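# Results of the structural survey
Listed below are the residues making up each chain.
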Amino acid sequence: DQQVKQNSPSLSVQEGRISILNCDYTNSMFDYFLWYKKYPAEGPTFLISISSIKDKNEDGRFTVFLNKSAKHLSLHIVPSQPGDSAVYFCAASHAGGTSYGKLTFGQGTILTVHP
Amino acid sequence: DTGVSQNPRHKITKRGQNVTFRCDPISEHNRLYWYRQTLGQGPEFLTYFQNEAQLEKSRLLSDRFSAERPKGSFSTLEIQRTEQGDSAMYLCASSPAGTWGSPLHFGNGTRLTVT
């Protein structure tokens, strides 16, 4: 039962263009969503998050959009840079009570940004 | 800020042996989490502690797995009678408690190979 899905295993983008990574979820109880980036041989690094009371959150080149009715979120990176090449994980949690650190992750999308 | 530290980075063991991993969280973080990641998948939640109390365990955590966090500082994860299916990356993360929306900070993981 995959509650968080990233249906694109990989994405290739030219430097300077926009990268759009997508994520779908099925659990209506999820109310907090995060994106993590992972380089080989390193642990995941937090990028950006959004709570269910918002539909957009921006941090520099990174913007996350949340569509609650569609149970869909996306991460936009603009402009993309070669250093952005990594695996990107979408994660979700039910932040109510004590469970906000119990994250459910998607399978990841490998982003490659070509110079 | 030295980040979350995990030791060892790599462990190769024979089936049936016991192994123990250590995690040192960020010093002011009182929440500590263990996750497991297999190839091509996102991290999966195993268990978490608030201070020395283990508050939740996943169904993934069989009886062969045990985690401790004595004195609410570092944590150990022990796997008894290892099986080939235990081969994975074991990730530790920490966060401050009581801070809604505070993201998890991950260590670089311990890669376990069971032969």
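Residues numbered from 1 in each chain as written. Chains lettered and ligands numbered in written order. Predicted model: local features only at pLDDT ≥ 70, side-chain atom pairs only at ≥ 80, totals over all residues. Heavy atoms only, no water.

Per the stated rule, a full pass over the model turns up two disulfides over all chains. Cys23(A) shares a disulfide with Cys90(A); S-S distance 2.0 Å. Taking the sign of the S-S torsion, about -70° here, the bridge from Cys23(A) to Cys90(A) comes out left-handed. Placement of the pair is Cys23(A) in strand E3 (residues 19-25) and Cys90(A) in strand E9 (residues 86-93), with a sequence separation of 67 residues. Per residue, the accessibility class of Cys23(A) equals that of Cys90(A), and both read buried. Put simply, Cys23(B) and Cys92(B) are joined by a disulfide, and their sulfur atoms are 1.8 Å apart. With the S-S bond torsion at -70°, the cross-link from Cys23(B) to Cys92(B) turns out left-handed. Of this pair, Cys23(B) sits in strand E3 (residues 19-24) while Cys92(B) sits in strand E9 (residues 88-95), and the two are 69 residues apart along the sequence. (Disulfide = S-S within 2.5 Å. Helix = DSSP H or I, 4+ residues; strand = E, 2+ residues; numbered from the N terminus. Buried < 20%, exposed > 50% of the residue type's maximum accessible area, 1.4 Å probe, protein only.)

A few words now on the pairing of strand E6 (residues 56-59) of chain A. Summarising the sheet, E6(A) and strand E7 (residues 62-67) of chain A pair through four bridges and their orientation is antiparallel. For Lys56(A), the partnering residue across the bridge sits in E7(A) and is Phe65(A). (Pairing = 2+ DSSP bridges.)

Residues and elements named next belong to chain B. Among the seven residues in strand E4 (residues 31-37), seven count as buried, and that is most of the element. Of the two faces of E4, the one lined by Arg31, Tyr33, Tyr35 and Gln37 and the one lined by Leu32, Trp34 and Arg36 are each fully buried. The pairing of E4 with strand E5 (residues 44-50) spans six bridges and is classified as antiparallel. The residue bridging tyrosine 33 from the neighbouring strand is tyrosine 48, located in E5.

Contact with chain B, which involves 26 residues of that partner, is made by 24 residues of chain A. Applying the counting criterion to the chain B and chain A interface returns one salt bridge. Among the salt bridges present, the one from Glu56(B) reaches Lys102(A), with a minimum N-O distance of 2.6 Å. On the surface where chain B and chain A come into contact, there are six residue pairs in polar contact (both at pLDDT 80 or more). The set of elements that each furnish at least two residues to the side of chain B that touches chain A consists of E4, E5 and E9 of chain B. Per-element tally for the side of chain B that touches chain A: the top contributor is E4(B), with four residues. Of the residues contributing to the side of chain B that touches chain A, the split by class is twelve nonpolar, eleven polar and three charged. (Contact = heavy atoms within 4.5 Å. Salt bridge = Lys/Arg side-chain N within 4 Å of Asp/Glu carboxyl O. Polar contact = N/O pair within 3.5 Å; in protein donor to acceptor, adjacent residues only side chain to side chain. Nonpolar A, V, L, I, M, F, W, Y, C, P; charged D, E, K, R; others polar.)

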